[in-house]
Amino acid sequence: MVGGVIMYSATRTESKTGHAARVARKILGDLQSLVRLYECSSEETVRKYAHDIEIGIDESCLSHFKFYLCSADGQVLEAYEYIVKENGEVEESSASSGRHSYNPKLDGSNLEIQVFFRDRQRWEELKKEGVMEVSWSPGEEKSLAGLSSQDDGAYKSGLLGVTRTSYRRPS
């Protein structure tokens, strides 16, 4: 007691769910930026992708995921890879969400997303429970041949984060 006032100390803790939601909002910003620049998908579709990615991160199902901007014939024109880090392995969150520069070579491209699993069984359980909003189906990893890679920052909340790498055609 200090001066007749009882003092309490408090420790603020936050669930992994809150951290996954914050990271997923940044990823949604990236997707929305691509949609606004290239009309490569719809706002509703990318919101559903971000929702499922958030669940996958929160439930420790995903190891990484990739966003591809592809030509009509399926060739990868540009890509972004996100690697999930759950134990504070991301020290800095230096990426800016949704800040893609316009590239006229990407006009008319299509957005494709591929997820890679840490726990495929749990992912399938979540699908069966109706938690997921997208009808995910298996696919082959797309070739990034001819693209150069560059570390593109990271998003972090608490001990949870994702690193982002961009893959682009040399100018």
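Residues numbered from 1 in each chain as written. Predicted model: local features only at pLDDT ≥ 70, side-chain atom pairs only at ≥ 80, totals over all residues. Heavy atoms only, no water.

Structural notes on the overall build of the protein chain
We count it as follows: Runs of E in the DSSP output that reach at least two residues are strands. Runs of H or I that reach at least four are helices, and both are numbered from the N terminus. Categorising residues by exposure relies on relative accessible area from a 1.4 Å probe, with only protein chains included: less than 20% of the type maximum marks a residue as buried, more than 50% marks it as exposed, and the intermediate range marks it as partly exposed. For this analysis, residues touch if any pair of their heavy atoms sits within 4.5 Å. Exposure was quantified through the Shrake-Rupley algorithm and a 1.4 Å probe, taking into account, for residues, occlusion by the shown protein chains and nothing else.
Regarding its fold elements, the protein chain presents 3 helices and 5 strands. When the helices and strands of the protein chain are listed from N to C terminus, the series reads α-α-β-β-β-α-β-β. Buried residues in the protein chain amount to 43% of all 171 residues. A sequence separation of at least 24 residues applies to 72% of the contacts in the protein chain between residues at least 6 apart. Accessible area of the protein chain: about 9700 Å², with a carbon and sulfur share of 45%.

Focus: the nonpolar core
Operational definition: Put simply, buried Ala, Val, Leu, Ile, Met, Phe, Trp, Tyr and Cys residues joined by side-chain atoms within 4.5 Å make one nonpolar core.
Formed by 36 residues in total, the largest nonpolar core has its most connected members in Ile27, Leu31, Ile57, Phe65, Phe67 and Leu111. Those elements that place two or more of their residues in this core are α1 (16-38), α2 (43-58), β1 (62-70), β2 (76-85), β3 (110-117), α3 (120-128) and β5 (160-168). Among the elements that take part in this core, α1 stands out by supplying 8 residues, more than any other. Setting aside residues no more than four positions away along its own chain, Phe67 makes contact with Ile27, Leu31, Ile53, Glu78, Ala79, Tyr80, Tyr82, Leu111, Glu112 and Ile113. Judged by nonpolar contacts, the second largest core, of 7 residues, contains Cys70, Val76, Ala79 and Leu144.

Observations regarding α3
Spacing of three or four residues puts side chains on the same side of an α-helix, whose turn is 3.6 residues. Let me state the cut-off plainly: Throughout, the arc means the angular range of directions from the helix axis out to the C-beta atoms.
Those residues of α3 that sit buried are Arg122, Trp123 and Leu126. The buried residues of α3 occupy one face: seen down the axis, they fall within an arc of 105°. Residues of α3 that are exposed and angled more than 90 degrees away from the buried face: Gln121 and Lys128. Check the buried side of α3 and you find it contacts α2, β1 and β3. At the exit of α3 stands Gly130, carrying a positive phi of roughly 80°.

Examining the pattern of salt bridges
Stated formally: Criterion for a salt bridge: a side-chain nitrogen of Lys or Arg within 4 Å of a carboxyl oxygen of Asp or Glu.
By the definition in use, this model includes 15 salt bridges. When the shortest N-O distance is used, the salt bridge between Arg164 and Asp30 registers 2.9 Å. Placement of the pair is Arg164 in strand β5 and Asp30 in helix α1, with a sequence separation of 134 residues. Taken individually, Arg164 and Asp30 each receive the classification buried, so the pair is uniform in this respect. For the salt bridge of Glu86 with Arg118, the shortest nitrogen-to-oxygen distance reads 3.7 Å. One end of the pair, Glu86, is in the loop between β2 and β3; the other, Arg118, is in the loop between β3 and α3, with 32 residues separating them in the sequence. Because the salt bridges share partners, they merge into one network encompassing Glu59, Arg122, Glu125 and Glu129.

Just distances and angles here, no functional claims.
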